[in-house]
Amino acid sequence: SASPASLGIWAISDGNPVEALDGFVFPRGSFIRVSEWYTCARDSSGNLRPNEGLRLTNIALGNGIGIRSMDRTFTGCVADPSIFARLGREAIYDEIRKGAAEVGHHLVFTPADNNRIAGWQRVRDMLEAAAQDRPEKPGLWAFETCEHYARTIPVLQRDEGNPDDIDTDQEDHVADETRYLCATSARTMSIGTTKGY
C-alpha cells in the first residue's frame, strides 16, 4: 500500500482489421491496453507524487478493482505471485477478492510468471513489433487515456549491474504488471470472445 498498485485492462487482438482505424490490423495475440487504474498519491494541488501509493487496504483495493471490472468478462487475469502467499495470515489475494465481492464482482487472478529476464525480453520484443509500420508479430499498444503507462514505460532504465533487468528503484509498477501479462501469456494465451470494450 505504500507503493502504487497497477491494474491494467487489456484486450487481445484476434487479428481482424479494425474499421475505426482505417482497417489497421493488430497482429493476432497483440495486447492493447484499454484502461488502467494506478493508485498513485497526489499532493494538495493535485500533482502526482510519483512512486507513492494511496495506502489502501487490501479490501479497498479489491473494491476499486471490482468497481472498474463491473459488467465485463475477463479471462487469463494474472497478478504478482507474492500476493498469493499465506505467511501466517490470510493471503493478500483473499482479502482483495473479498473487497471485490463486496461490490458484486467475482474476481479471479492466477499467479503470473515471475521470470524477470524472460519477461522483460518478451516486453521488449512486443514493443519492437508494435513499432513497425506494418507489424507482423504480436505487439503492445495502449490507448492515449492510459496516462501512467505512457508516463512510466518509456523512461525505464536498465539495471547497471544486470542489463537484462530493469532498475527496481524506479517507478516500475505499471511495467511489472505489463511484464506479468507478457511473460505469462507466452505460455498460456488463448483467444476468445470477451464483453466490454
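Quick caveat, the model's predicted, so the values are computed rather than measured.

For the rest of this paragraph, the subject is the pattern of salt bridges. Inspection of every chain in the model, using the stated rule, returns ten salt bridges. Its salt-bridge partner being Glu95, residue Arg89 comes within 2.7 Å of it at the nearest N-O pair. Judged by its relative accessible area of 45%, Arg89 falls in the partly exposed class. Among the salt bridges present, the one from Glu90 reaches Lys98, with a minimum N-O distance of 2.8 Å. Residues joined by salt bridges that share partners form a network here, namely Arg116, Asp165, Asp176 and Arg179.

Here we take up the packing of aromatic side chains. Tallied over the full model, the rule gives seven aromatic pairs. Here Phe24 and Phe26 contribute two aromatic rings whose centre-to-centre distance is 4.9 Å and whose plane-to-plane angle is 75°, an arrangement assigned as edge-to-face. Ring geometry for Phe24 versus Trp141: centroids 6.1 Å apart, planes at 75°, classification edge-to-face. A residue pair is termed long-range when its members are at least 10 positions apart, and Phe24 in strand E3 (residues 24-25) and Trp141 in strand E9 (residues 140-142) qualify at 117 residues. Given the relative accessible area of 28%, Phe24 is considered partly exposed. Take Trp141: its relative accessible area is 17%, and that puts it in the buried class. One aromatic cluster is present, built from ring pairs that chain together Trp10, Phe31 and Tyr149.

Each value, and the rule that gives it
- Residues numbered from 1 in each chain as written.
- Predicted model: local features only at pLDDT ≥ 70, side-chain atom pairs only at ≥ 80, totals over all residues.
- Heavy atoms only, no water.
- Salt bridge = Lys/Arg side-chain N within 4 Å of Asp/Glu carboxyl O.
- Buried < 20%, exposed > 50% of the residue type's maximum accessible area, 1.4 Å probe, protein only.
- Phe/Tyr/Trp six-rings, centres within 6.5 Å; stacked < 30°, edge-to-face > 60°.
- Helix = DSSP H or I, 4+ residues; strand = E, 2+ residues; numbered from the N terminus.

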